[in-house]
Amino acid sequence: MTEMDAAPRLPRIGLFIDGSWVEATSGKTIPVFNPATEAQITEIAAASVEDVNRAVEAAHRCFESKAWKRMRPLDRGRLLEKLALVVEENADELAHLETLDNGKPFATSRYVDLAFTIDALRYFAGWASKTAGEYITLSPFFDDGGVYRAYTERRPVGVVGGITPWNFPLGQAIQKIAPAIAFGCTVVLKPSEETSLTTLRLAELIEQVGFPKGAVNIVTGYGHDAGAALVEHPLVRKIAFTGSTATGQRILASAAKTMKRVTLELGGKSPTIILADADLSRAIPGAANAIFGNSGQVCTAGSRLLVEEAIYDEVVAGVAEIAKGLRLGPGHEQNTQLGPIVSARQLERISSLVEGGIAAGATPLAGGARSDRQGWFFEPTVLTGIRPDMEVLREEIFGPVVCAMPIKSFGEIKAIANDTPYGLGASIWTRNLDRAHMLADEIDAGTVWLNTHNILDLAVPFGGSKLSGLGREFGTEAINAFTETKAVCMRLSDDS
Ligand code: NAD
């Protein structure tokens, strides 16, 4: 047995509320499976509405406490720095746990998920002491001889409800927790019921670091009850959500009742666009990586491959060859390149969309079905013969499946690329700077990459247009997402 085979220590199971571990009041649990073997690993607590209410009240008490309100911004940053340090010290163990729970290859867990998580903690630690307002000289519409001034400040919105998906569990949790704490909010976070283990381990580390009680609360549970309760609670002032468009729409409707602030990071159907003059030695592996990385379970996955006709056959054959050569296997095996799909339900969804596409006339150049090995594996798939109306082209699949389409002229790229209700990401591969920037201007997406795909950096605001979401996280725009502007106006008198 190698170190890679060793089962990681499981985290404490329960709800982390007000700095303590408690059982779910309902006593209900949710089974947790290893997607590589389909075997049950453990079970987690299913928080009830009552549990969520207690967590929100704890977060609210902490938010209103003098100790929290008066904590120096630098000291909030220091909490995040300390957490970064202990996450870093436990990075291997956390990565093993993620691979066990989510299925992704250990190298992805360790050098993508954990690397991002640690960076995000440090990035937002720096922000804690850098919010500032403005000082404004007023021009009142009446002139009463007074001198008027105003200043603005950025106030934390209050209790933040964070709700996360299963594809990058730890990174997503920190993406909500770190800016909330940096900007002076408190948090109740509900991780995905599919992958809660690393977030529970994170709660143990938050306890170890000594965050004030109630500053961060973690409640595991289902979306339709625990998640919905968080969205409905009047003391939650903001929801930071990442997940599917359908859930995002439900959250937006529900949040309207209490006029909560929301940021929604939702689904996508992002195009990888390869122009005839591209460097194919980079574009072909780039296109394959854009869709097969993390087994396609990436919101910005390059799931539509749009290629200029002159190089279409060469590109599609190249991506198919890479797909056929990828080694599927459990994430803990050292040579695995593609892990399993997170759940039986998600595997079923991918299978049914691909079967529907093939029945409608698409041709698989690679893959096209679930793998016959044990576990929830789907073969990396390249589909050709795609028509614009096909469901497999229009729906987000969230699996290792790319639909390839030839493009006849440069002029039609914009229309084809934008022919989707989503607008999350896009990549353009070309050596022609003019064409690259002309197209980048035209594509309706939150992020456009040139000669690369899926590069996320915490300094660059990230989010989607159209059905891909609302608002931006990361970068300077994170300030808007977690704070509210308050203006204080004054009349200065020189009567004295
Ligand atoms: P999902 O919407 O099913 O679940 C996401 C979270 O929402 C889970 O924690 C779930 O329990 C919760 N939830 C479900 N119903 C709820 C409700 N009614 N009220 C409150 N919470 C509820 O999404 P998923 O299947 O876990 O994740 C995959 C989706 O996430 C894909 O569509 C993908 O594109 C998207 N995603 C987007 C980004 C991004 O940054 N734009 C990143 C990762 C994933």
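Structure report, in brief. Each chain has its residues counted from 1, following the order in which its sequence is written. Per-residue local features are limited, in this predicted model, to residues with pLDDT of at least 70; the limit for side-chain atom pairs, both in listing and counting, is 80 or more; totals at the level of whole chains, interfaces and linings are taken over all residues. Only heavy atoms go into the side-chain values, all of them from the structure, while hydrogens and water stay out.

A word on the state of the cysteines. Any cysteine sulfur atom paired with another within 2.5 Å is treated as part of a disulfide. Enumeration over the complete set of coordinates arrives at zero disulfides. Of the cysteine sulfurs around Cys299, a residue in no disulfide, the closest is that of Cys403, at 18 Å.

On to the site of the ligand, then. Proximity is defined per residue: any heavy atom of the residue falling within 4 Å of a molecule or strand makes that residue near it. Within the structure, the ligand sits among 28 residues, and Thr164, Glu193, Ser244, Leu266 and Glu396 are positioned closest to it. Glu193 is positioned such that a nitrogen or oxygen atom in its side chain is 2.6 Å from an oxygen atom of the ligand. The contact in question runs from an oxygen atom of the ligand to an N or O atom on the backbone of Gly243, over 3.2 Å. Only the protein chains shown count as cover for residues, and all accessible areas are computed by the Shrake-Rupley method using a 1.4 Å probe. Burial of the ligand by the protein chains amounts to 89% of its free accessible area of 850 Å². The secondary structure listing takes helices from DSSP runs of H or I that are at least 4 residues long and strands from runs of E that are at least 2 residues long, numbered from the N terminus. Those elements giving two or more residues to the shell around the ligand turn out to be helix H8 (223–232), strand S10 (236–242) and helix H9 (245–255). Polar contacts, as used here, are pairs of N or O atoms within 3.5 Å; protein pairs need one atom able to donate a hydrogen and one able to accept it. Residues neighboring in sequence count only if both atoms are side-chain atoms.

Right, let's talk about the packing of helix H3 (residues 73–89) against helix H6 (residues 169–182) for a bit. Between N-to-C directions, angles cover 0 to 180 degrees, with each direction set by a line fitted to C-alpha atoms, over the stretch in contact for helices. Look at H3 against H6: their axes get within 8 Å of each other, and the N-to-C directions meet at 150°. Compared by their axis directions, H3 and H6 come out roughly antiparallel. Contact with H3, carried on its side by Arg76, Leu80 and Leu83, involves Ile174, Ala178, Ile181 and Ala182 of H6 and no other residues of that element. In this count, Pro and Cys sit with the nonpolar residues alongside Ala, Val, Leu, Ile, Met, Phe, Trp and Tyr, while Asp, Glu, Lys and Arg are called charged and the others, Gly among them, polar. Of the residues contributing to the contact of H3 with H6, the split by class is six nonpolar, no polar and one charged. Any angle that falls under 35 degrees is termed roughly parallel, while one over 145 is termed roughly antiparallel, one within 65 to 115 roughly perpendicular, and all others oblique. Throughout, a contact is declared for two residues whenever any of their heavy atoms are within 4.5 Å.

With that settled, consider the sheet that holds strand S6 (residues 147–156). Pairing between strands requires that DSSP locate at least two bridges from one strand to the other. Spatial ordering of the open sheet is given by S5-S6-S22, a layout of three strands whose pairing is antiparallel. Strands with a single pairing partner mark the edges of an open sheet, and in this sheet they are strand S5 (135–137) and strand S22 (483–492). Going across the sheet, the axis of each strand differs from the next one's by a mean of 25°, ignoring polarity. Judged from the ten bridges that link them, S6 and S22 form a sheet pairing that is antiparallel. Of the residues in S22, the one forming a bridge with Ala150 is Cys489.

Below, the discussion takes up the nonpolar core. In this structure, Leu80, Leu83, Val87, Ile181, Leu202 and Phe211 are the most contacted members of the largest nonpolar core, which totals 66 residues. At nine residues, the largest contribution of residues to this core is made by helix H5 (residues 106–127). If sequence neighbours within four positions are ignored, Ile181 has contacts with Trp68, Arg76, Leu80, Val187, Phe211, Ala215 and Val216. Leu280, Ala287, Val402 and Ala404 belong to the second-largest nonpolar core, a separate cluster that totals 30 residues. For this analysis, a nonpolar core means a set of buried residues of the types Ala, Val, Leu, Ile, Met, Phe, Trp, Tyr and Cys, connected via side-chain atoms within 4.5 Å. Burial classes follow relative accessibility: with a 1.4 Å probe on protein chains only, a residue under 20% of its type's maximum area counts as buried, one over 50% as exposed, and anything between as partly exposed.

Once that is clear, we can look at the packing of aromatic side chains. Within 6.5 Å between ring centres, the rings of Phe, Tyr and Trp (the latter by its six-membered ring) count as paired, and their orientation is classed by plane angle as stacked under 30 degrees, edge-to-face over 60, tilted in between. Applying the stated criterion across every chain, the model contains nine aromatic pairs. Where Phe33 meets Trp376, the ring centres are 6.1 Å apart and the plane angle is 70°; that geometry is what we call edge-to-face. Taken together, the positions of Phe33 in strand S3 (residues 29–34) and Trp376 in the loop between strand S14 (363–366) and strand S15 (381–384) put the pair 343 residues apart, joining distant regions of the chain. For Phe33, a relative accessible area of 32% translates into the label partly exposed. Judged by its relative accessible area of 9%, Trp376 is buried. Judged by centre distance (6.0 Å) and plane angle (45°), the ring pair of Phe116 and Phe474 falls under tilted. Of the two residues, Phe116 sits in helix H5 while Phe474 sits in the loop between strand S21 (469–470) and helix H16 (477–482), which places them 358 residues apart along the sequence. For Phe474, a relative accessible area of 2% corresponds to the buried category. Taken together, the aromatic side chains of Phe116, Phe462 and Phe474 make up a single cluster linked through ring pairs. Taking NZ or CZ as reference, Lys69 lies 4.5 Å from the ring centre of Phe63, over its face. Comment: the charge-over-ring label is applied if NZ (Lys) or CZ (Arg) is within 6 Å of the ring centre and within 35 degrees of the ring normal.

Purely spatial values, then, with no claim about function.
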